[in-house]
Structure formats: structure tokens, C-alpha cells
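One-letter residues, chain by chain:
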Amino acid sequence: MNIRERDILKDKKRIVIKIGSSSLTHACTGDINLTKIEKLVRVISDLKGEGKEVVLVSSGAIAAGRQALGHHSRPDTIAEKQAFAAVGQARLMMVYQKLFAEYNQIAAQVLLTKNTMTHDTNRYNAQNTFDELLKLGTIPIVNENDTVSTSEIPLVDNFGDNDRLSAIVAALIGADLLILLSDIDGLYSDDPRRNPDAKFIGLVKEITPELLLMGKATSGSDVGTGGMAAKLAAARIATDGGSDMVIANGDHVEVIQQIMAGEEKGTLFIAHPNHDFDLMNYINYEY
């Protein structure tokens with residue numbers, strides 16, 4: 001069906017991978033899944049070995065913080081979430097640094113806020129930092145700086161869910177491909193958890209208004225913030241910015257290798273670069 005489009009993915013060189021909290025945590029406890037992270041690190045290290053440049057946008061700071069502090073339910077207040085993120089971001093990076101070092105890779109932390117993107121000088125500096133980190137052969141690990149920003153917290157702002165953030169990063173650095181790993185196989189005509197007749201959509205060549213209406217601003221997890229609506233918003237940003245995008249199920253992170261091999265995994269959104277693309281116009285993009 002879409003073999004030619006899938007084959008093109010084999011040649012992508014600069015890749016942004018986003019993994020959500022629900023894909024990094026144990027479903028029963030919400031604690032960080034170390035086995036899953038180790039597999040993710042191995043897959044990314046293999047991509048690096050193939051000569052790819054990889055940026056990882058990783059959720060999980062609040063989940064790691066609540067695990068470290070012995071809180072097994074999601075925090076209720078913004079202050080609690082920011083405090084958990086302060087503890088958890090350090091924990092999460094410690095895990096990534098240690099595991100990547102075992103594969104002779106160097107991880108770098110990049111924490112962004114909305115102001116980074118909306119301020120011209122800050123955005124230019126962030127772009128230069130990414131370029132230099134990739135030139136040095138590191139693997140930048142990106143998250144929103146939750147300790148000083150409330151954007152990622154639901155109902156406060158529409159900038160900070162990591163689906164949108166990863167698309168903004170992909171556009172900022174001129175990525176060839178964005179892979180969103182989530183708790184769903186891809187795009188459906190309706191929520192498959194509620195509607196067994198929902199149809200899977202494997203290829204999207206154009207993001208139409210009708211397609212956007214399929215977005216459901218819900219998530220089946222109590223650790224994630226981005227539902228399908230956020231992923232469709234990310235798809236609009238990424239594809240307009242020149243990146244192909246794939247939404248795939250993050251239950252098995254080896255799906256990244258299958259996507260890069262051109263296999264029919266997830267939903268592929270084809271890039272259609274907008275020559276008038278201005279990232280600033282997409283920071284607060286709503287549909």
C-alpha cells in the first residue's frame with residue numbers, strides 16, 4: 001500500500017524520538033520501567049552506530065520523582081508536580097547517563113520552556129546548542145523544564161505536552177523524521193479502546209480538517225498528558241516543518257528499528273514542507 005513511502009524512512013539521518021510517560025512506566029504502579037529504558041537506550045545506540053543523529057524527547061520526570069519520594073498516585077497540585085519533576089528529572093537523567101555510557105554513548109540534557117521558543121535570541125541559541133551537540137556525537141535528551149514552567153500541566157497551556165514539544169524540536173533542528181511512541185498503535189477513525197469498530201489509518205498524506213476532528217484530547221493513562229489531539233497537532237507542526245512523522249506503540253521499543261527498516265508499523269504522516277513555515281506561528285497552534 002505505502003511501501004515506497006515506508007522505504008524512504010530507511011535513509012532518514014536526523015531523527016527525533018519521543019517517548020511518553022505511559023511507555024516508560026509500569027502500568028500497575030506508575031514506577032519507572034528500567035528494563036524498557038535499557039532497551040530504548042540500546043536501540044538508540046544502534047541507530048547511532050548506523051550513522052544516524054538522534055534526539056530523544058523523554059517524559060517521565062514527574063513519574064520518576066513520585067517513585068523516588070514514595071508517592072504512588074499522581075500529584076494534585078502544580079507545586080507538587082514541579083517538586084516531583086525537580087527530583088525526577090535528575091533521577092531520570094542519571095539513569096540515561098549510566099545506561100548510554102554502557103554503550104559508549106554520551107547523553108546531554110536539554111530542558112526547554114515556552115519562552116525558549118518564543119524569544120528569538122533564546123530560540124537561536126537553542127538551535128545552535130542542538131547543532132553543536134549533534135556535531136559532537138552526543139544524544140540530546142529533551143524535556144520541558146517543569147520546575148519553572150507549568151506548560152506541560154494539563155489545562156494550563158497547550159505548549160508543553162511532549163508530543164507538541166518533540167514536533168517543535170524536530171522543526172527547530174531540521175529533523176528528517178519524528179517518531180512518537182505512545183500507548184496506541186497509531187491513528188484510528190475513533191478511539192479503539194471505546195469503539196471496537198474504529199478503523200486503523202496507516203498512511204496520512206494530508207492533514208485535513210476532517211482528520212483533525214478525529215483527535216480525542218484524552219489519554220488512557222494516568223501518567224501521560226498527550227492524547228490523540230496532541231499528536232495530530234504535532235503532526236501538523238512536524239510535516240509543515242519538513243519532517244515525516246510516525247505514531248507507533250511504545251510497548252516494545254524495538255518498533256523503532258522496524259520503522260527505520262521500512263516495515264508497516266504505526267501511522268505514517270508524509271511531510272509536505274511549507275515554504276512559508278514560521279515556527280513562531282505554531283507555538284500556540286490550535287485547530
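To keep things clear, this report deals only with the structure shown in the data block. (Residues numbered from 1 in each chain as written. Predicted model: local features only at pLDDT ≥ 70, side-chain atom pairs only at ≥ 80, totals over all residues. Heavy atoms only, no water.)

1. Side note on the overall build of the protein chain
Stage number 1. If you tally the helices and strands in the protein chain, you get 11 helices and 10 strands.
Stage number 2. The burial tally for the protein chain puts 55% of its 287 residues in the buried class.
Stage number 3. Across the protein chain, contacts joining residues at least 24 apart in sequence account for 75% of those joining residues at least 6 apart.
Stage number 4. With the model as given, the accessible surface of the protein chain reaches about 12600 Å², and the carbon-plus-sulfur share is 49%. (Helix = DSSP H or I, 4+ residues; strand = E, 2+ residues; numbered from the N terminus. Buried < 20%, exposed > 50% of the residue type's maximum accessible area, 1.4 Å probe, protein only. Contact = heavy atoms within 4.5 Å. Areas by Shrake-Rupley, 256 points an atom, 1.4 Å probe, with all protein chains shown as cover.)

2. Thoughts on helix α4 (residues 61-68)
Stage number 1. Residues Ala 61, Ala 63, Ala 64, Gly 65 and Arg 66 constitute the buried set of α4.
Stage number 2. Where α4 is buried, its residues touch α5 (78-102) and β4 (139-144).
Stage number 3. Gly 70 lies just past α4 and shows a positive phi near 80°.

3. Side note on the nonpolar core
Stage number 1. Val 16, Phe 130, Val 142, Val 169, Ile 173, Met 245 and Phe 269 are the most contacted members of the largest nonpolar core, which totals 44 residues.
Stage number 2. Here this core gets eight residues from one element, more than from any other, and that element is helix α8 (residues 162-173).
Stage number 3. When neighbours within four sequence positions are excluded, Val 142 is seen to be in contact with Val 55, Leu 56, Val 57, Ser 58, Val 110, Leu 112, Phe 130, Leu 165 and Val 169. (Core = buried A, V, L, I, M, F, W, Y, C linked by side-chain atoms within 4.5 Å.)

4. Here we look at the sheet that holds strand β2 (residues 53-58)
Stage number 1. Spatial strand order, β3-β4-β2-β1-β5-β9-β10-β8: eight strands in an open sheet with mixed pairing. Because the sheet does not close on itself, it has two edges, and the strands there are β3 (107-112) and β8 (203-204).
Stage number 2. The pairing of β8 with strand β10 (residues 267-269) spans two bridges and is classified as parallel. Looking at β10, one finds that Val 204 is bridged to Phe 269.
Stage number 3. Across the face of the sheet, α8 comes into contact with β1 (14-19), β2, β3, β4 and β5 (177-182) while running at roughly 170° to β1. (Pairing = 2+ DSSP bridges. Axes fitted to C-alpha atoms, helices over the stretch in contact; angles between N-to-C directions.)

5. Considering the packing of aromatic side chains
The description of two aromatic rings rests on the distance between their centres and on the angle between their planes.
Stage number 1. Under the counting rule described, the total for this entry stands at two aromatic pairs.
Stage number 2. Aromatic side chains Tyr 188 and Phe 200 sit 5.2 Å apart centroid to centroid with 70° between the ring planes, which places their arrangement in the edge-to-face category. Of this pair, Tyr 188 sits in strand β6 (residues 187-188) while Phe 200 is found in strand β7 (residues 200-201), placing the two residues 12 residues apart along the sequence.
Stage number 3. Exposure remark for Tyr 188: the relative accessible area of 15% places this residue in the buried category.
Stage number 4. Classification of Phe 200 as partly exposed rests on a relative accessible area of 40%. (Phe/Tyr/Trp six-rings, centres within 6.5 Å; stacked < 30°, edge-to-face > 60°.)

6. Notes on helix α10 (residues 228-240)
In an α-helix, one turn spans 3.6 residues, which is why side chains three or four residues apart end up on the same side.
Stage number 1. The first and last C-alpha atoms of α10 sit 18 Å apart over 13 residues, in line with the 18 Å expected at 1.5 Å per residue.
Stage number 2. Within α10, 13 of the 13 residues are buried, which leaves the element mostly enclosed by the surrounding structure.
Stage number 3. Gly 242 occupies a position one or two residues after α10 and carries a positive phi of about 105°. (Expected span 1.5 Å × (residues − 1).)

7. Comments concerning the pattern of salt bridges
Stage number 1. As enumerated under the stated definition, the model contains 11 salt bridges in all.
Stage number 2. Note that Arg 4 is salt-bridged to Glu 5, the shortest N-O span being 3.8 Å.
Stage number 3. Glu 5 is the salt-bridge partner of Lys 205, the closest N and O atoms lying 3.6 Å from each other. Of this pair, Lys 205 sits in the loop between β8 and α9 (209-212) while Glu 5 sits in helix α1 (residues 3-8), and the two are 200 residues apart along the sequence.
Stage number 4. Here the salt bridges share partners, and the residues they tie into one network are Arg 4, Glu 5 and Lys 205. (Salt bridge = Lys/Arg side-chain N within 4 Å of Asp/Glu carboxyl O.)

8. Overview of unusual backbone geometry
Stage number 1. Phi angles above zero are rare outside glycine, and Asn 104 is one such case at about 60°.
Stage number 2. Here Asn 104 falls in the exposed class, since its relative accessible area comes to 70%.

9. Considering the side chain of Gln 105
Stage number 1. The residue Gln 105 is located in the loop between α5 and β3 in this model.
Stage number 2. A residue is classified by how much of its surface remains accessible, and Gln 105, at 16% relative accessible area, is buried.
Stage number 3. Excluding residues within four positions of it along the chain, Gln 105 makes contact with Ser 45, Lys 48, Phe 100, Gly 137 and Ile 139.

10. With respect to the packing of helix α7 (residues 120-135) against α8
Stage number 1. At a minimum axis separation of 10 Å, α7 and α8 run at an interaxial angle of 75°. It follows that α7 is roughly perpendicular to α8 by the angle criterion. The residues of α8 that touch α7, namely those facing Arg 123, Ala 126, Gln 127, Phe 130 and Leu 134, are Val 169, Leu 172 and Ile 173.
Stage number 2. Residues of the contact of α7 with α8, tallied by class, amount to six nonpolar, one polar and one charged. (Parallel < 35°, antiparallel > 145°, perpendicular 65-115°, else oblique. Nonpolar A, V, L, I, M, F, W, Y, C, P; charged D, E, K, R; others polar.)

11. Things to note about the pairing of β1
Stage number 1. Counting buried residues along β1, six of its six residues qualify, which places the element largely inside the surrounding structure.
Stage number 2. Where β1 meets β2, six bridges bridge the pair, whose relative direction is parallel. Looking at β2, one finds that Val 16 is bridged to Val 55.
Stage number 3. Both β1 and β5 contribute to a ladder of five bridges, which runs parallel.

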